[in-house]
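Results of the structural survey
Spelled out, the chains give:
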Amino acid sequence: AFFPQRGFMFNLREGKKAISDFKKLGVSSERVVDLMLIYVEDGVRYTNEYGDISESFYNSVAGVYRHALELMKKEQLLEKFQKRAEKMIEETEGIGWGFHDEISDLYGEFYRVRHLKSR
């Protein structure tokens, strides 16, 4: 979805479709969470590599992050994925459109901690 073999364009729809198709295979929730976090991690890496994208891009990535956190909570996987979820706060530092704040707020909502939004 984010790093095609040619060019530098991203395809959010394709990434989300891959997650949806993967869920339909009946795999474990743990594997679905892993794939969702890969989507978020790659989205963050993409914007850090290519620069500011768009509000809709950040809304999509943050939405998948929220859904991953919701699934982690439901399936009691928050502790297992905490380090990866928390790393997104650090990795989004300095990204615009309120993206960093959204990621920080979501993390705090699910892990019940206050995390510094900026240093």
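How each quantity is defined
- Residues numbered from 1 in each chain as written.
- Predicted model: local features only at pLDDT ≥ 70, side-chain atom pairs only at ≥ 80, totals over all residues.
- Heavy atoms only, no water.
- Salt bridge = Lys/Arg side-chain N within 4 Å of Asp/Glu carboxyl O.
- Helix = DSSP H or I, 4+ residues; strand = E, 2+ residues; numbered from the N terminus.
- Buried < 20%, exposed > 50% of the residue type's maximum accessible area, 1.4 Å probe, protein only.
- Phe/Tyr/Trp six-rings, centres within 6.5 Å; stacked < 30°, edge-to-face > 60°.

Let's shift gears to the pattern of salt bridges. The final tally for this structure, using the stated rule, is eight salt bridges. Taking the shortest distance from any N to any O, the salt bridge between Arg84 and Asp34 comes out at 2.5 Å. Remark: Asp34 occurs in helix 2 (residues 29-50) and Arg84 occurs in helix 4 (residues 78-91); sequence separation between them is 50 residues. Since its relative accessible area comes to 24%, Arg84 is described here as partly exposed. Assessed through its relative accessible area of 29%, Asp34 is described here as partly exposed. Several salt bridges share partner residues, and in doing so they unite Asp34, Glu41 and Arg84 into one network.

This structure, assessed with the given rule, holds seven aromatic pairs. With centroids separated by 4.9 Å and ring planes inclined at 35°, the aromatic side chains of Tyr58 and Phe99 adopt a geometry described as tilted. With Tyr58 in helix 3 (residues 55-74) and Phe99 in helix 5 (residues 99-111), this residue pair connects regions lying 41 residues apart in the sequence. Since its relative accessible area comes to 2%, Tyr58 is described here as buried. Note on Tyr107 and Tyr111: the rings are 4.5 Å apart at their centroids and 25° apart in plane angle, and the pair reads as stacked.

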